[in-house]
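This is what each chain is made of:
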Amino acid sequence: MKKTVIIRSQFGHEIMAVNFAKAFDLNVVIVPNKDEKEAYEEEAQKIFQNMSFFYNRMSIVPFEEKDNLENAWDVIGELKSGKLDDAVWDKFAASKLTPADTTGLPTYPGMSDCNMLFIPQKLISDGECGVTAAQQSLPLSVFDFLKGTKGLVLGQHFHKVNDLETVKNLAREFNLYVPGLTENPEVLGIRGVQHKAYYNMYARLNASIGIAGTHTWIMLTMFPEIPQVILYNTHGVEHWKAIERAFRNKGYNIRCIGFNENSDLKKLSQELEAIIR
């Protein structure tokens, strides 16, 4: 019998793991991949400060005990190794993370009345999902049908210095609202910013379309009622079709569409346009 769920970092899969903990009524334990005590404890505090927003049954395993974890579920490890049973997604989809305190978080008055999150590419990836950032991305031409659409909100992570011009060009091309670019400068780039800073942004979305990433897990676990079109490289580790089935069985409008290097991108674009329109 599993007693706890392990997390070692603070990205999308960790949000997934926290929701599994809630779904199965388990505690979350934080065990960073650090071999030196001071670095371990510093990283553990960062993870706790970020991830405890989602769930209050969370604690840090002392450095001296990090190698003695009995009955702990490494659900992320199972996912990445292909050993996670597809059946568990049914219980996952029935669970929802509900933070106790959302006061004082940034608001996004510059957003439109009707908003769609847009994630056309991956500029940054941890590379642990079986595919690189480039392999997870699609040519911008696939999304040409969205040009002129009002209320598009950029949801992809980027380096706030090295990628800034690329993002500004993308914003001009698709008329995007970029979090942090015109207001709330502290949230620019998304990567490295605490997840809770975007809570009010997600809460104002009406839909989402784009490459799977951290935003996907935030929306599936906190805002599953918002329709999503999740695009994924079929060589990745996640079984997105099983996830889609679980959420659609619960009445949520979640569509997962796979692609790879052999995909007909014109046909994919037409399929996406038909869904969105």
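Scroll up to find the structure this text is about.
Residues numbered from 1 in each chain as written. Predicted model: local features only at pLDDT ≥ 70, side-chain atom pairs only at ≥ 80, totals over all residues. Heavy atoms only, no water.

Participant: Any details on the overall build of the chain? Residues and values, ideally.
Facilitator: Across its full length, the chain holds ten helices and nine strands. Relative to a compact globule of 277 residues, whose C-alpha radius of gyration would be 19 Å, the chain shows 19 Å and is just as compact. A principal-axis box enclosing the C-alpha atoms of the chain has dimensions of 55 × 40 × 30 Å. A buried classification covers 52% of the 277 residues belonging to the chain. Carbon and sulfur atoms provide 46% of the accessible area of the chain, an area that totals close to 13,000 Å². (Helix = DSSP H or I, 4+ residues; strand = E, 2+ residues; numbered from the N terminus. Rg over C-alpha atoms; globule rule 2.2 N^0.38 Å. Buried < 20%, exposed > 50% of the residue type's maximum accessible area, 1.4 Å probe, protein only. Areas by Shrake-Rupley, 256 points an atom, 1.4 Å probe, with all protein chains shown as cover.)

Participant: Which residues make up the layout of surface pockets, and what are the values?
Facilitator: By rolling a water-sized probe across the atoms, one finds the places where empty space is left. Of the volumes computed, that of the second largest pocket is approximately 300 Å³. Along the walls of the second largest pocket sit 18 residues, with Asn50, Gly192, Val193, Gln194 and His195 positioned nearest its centre. Elements with a contribution of two residues or more to the lining of the second largest pocket: α2 (37-51) and α8 (214-222). Looking at the lining of the second largest pocket residue by residue, the class counts come to six nonpolar, ten polar and two charged. (1 Å grid on protein atoms, 1.4 Å probe; cavity = no way out; pocket = protein on both sides within 12 Å on 5 of 7 lines; lining within 4 Å. Points joined across faces, edges and corners; volume = space filled by probe spheres on them. Nonpolar A, V, L, I, M, F, W, Y, C, P; charged D, E, K, R; others polar.)

Participant: Any details on unusual backbone geometry? Residues and values, ideally.
Facilitator: At aspartate 25, a position not held by glycine, the phi torsion is positive, near 55°. Residue placement: aspartate 25 occurs in the loop between α1 (12-23) and β2 (27-30). By relative accessible area, aspartate 25 is classed as exposed at 54%.

Participant: Lay out the nonpolar core in plain terms, naming residues and giving numbers.
Facilitator: A general trend in soluble globular proteins is that nonpolar side chains are found buried together. Residues Trp89 and Leu272 are the most contacted members of the largest nonpolar core, which totals 88 residues. Considering each element in turn, this core owes the most residues, six residues, to α1. Once residues within four sequence positions are removed from consideration, leucine 272 is found in contact with Val142, Phe143, Phe145, Ile209, Val229, Leu231 and Ile257. Membership of the second largest hydrophobic core comes to seven residues, among which are Ile6, Tyr40, Val61 and Ala72. (Core = buried A, V, L, I, M, F, W, Y, C linked by side-chain atoms within 4.5 Å. Contact = heavy atoms within 4.5 Å.)

Participant: Tell me what's going on with α1, and back it up with residues and numbers.
Facilitator: Owing to its 3.6 residues per turn, the α-helix brings residues three or four apart onto one side. Compared with the 16 Å implied by 1.5 Å per residue over twelve residues, the 17 Å span of α1 between its first and last C-alpha is a close match. With respect to burial, α1 is a largely interior element, eleven of its twelve residues being buried. Where α1 is concerned, the buried positions are Gly12, His13, Glu14, Ile15, Met16, Ala17, Val18, Asn19, Phe20, Ala21 and Ala23. Following α1 by one or two positions, aspartate 25 adopts a phi angle in the positive range, close to 55°. (Expected span 1.5 Å × (residues − 1).)

Participant: Summarise the pattern of salt bridges; cite the residues concerned and give the values.
Facilitator: As a working rule, side chains carrying opposite charge can pair if their charged atoms are close by. Applying the stated criterion across every chain yields a total of nine salt bridges. With a shortest N-O distance of 3.0 Å, lysine 37 and glutamate 64 are connected by a salt bridge. Of this pair, lysine 37 sits in helix α2 while glutamate 64 sits in the loop between β3 (58-60) and β4 (72-73), and the two are 27 residues apart along the sequence. Looking at glutamate 64, the relative accessible area reads 51%, which means it is exposed. The shortest N-O distance in the salt bridge between glutamate 244 and lysine 241 comes to 3.4 Å. Of this pair, glutamate 244 and lysine 241 both sit in helix α9 (residues 240-249), separated by three residues, roughly a single helical turn. The class for glutamate 244 is buried, based on a relative accessible area of 10%. (Salt bridge = Lys/Arg side-chain N within 4 Å of Asp/Glu carboxyl O.)

Participant: Describe the packing of α1 against α8, with residues and values.
Facilitator: In contact at an axis separation of 7 Å, α1 and α8 are set at 20° when each is read in the N-to-C sense. It follows from the interaxial angle that α1 and α8 lie roughly parallel. Note on packing geometry: the crossing formed by α1 with α8 is left-handed. In this structure, α1 contributes Gly12, His13, Ile15, Met16 and Asn19 to the contact, and α8 contributes Thr214, Trp217, Ile218 and Thr221. Among the residues forming the contact of α1 with α8, the class breakdown is four nonpolar, five polar and no charged. (Axes fitted to C-alpha atoms, helices over the stretch in contact; angles between N-to-C directions. Parallel < 35°, antiparallel > 145°, perpendicular 65-115°, else oblique. Left-handed = near helix turned anticlockwise from the far one by under 90°.)

Participant: Account for the pairing of strand β7 (residues 207-211), with residues named and values stated.
Facilitator: With five of its five residues buried, β7 lies for the most part within the structure. As judged from the four bridges shared by strand β5 (residues 116-119) and β7, these two strands associate in the parallel manner. Paired with phenylalanine 118 across the strands is isoleucine 209, a residue of β7. With four bridges joining them, β7 and strand β8 (residues 228-233) adopt parallel strand pairing. Note that in β8 the partner of isoleucine 209 across the bridge is valine 229. (Pairing = 2+ DSSP bridges.)

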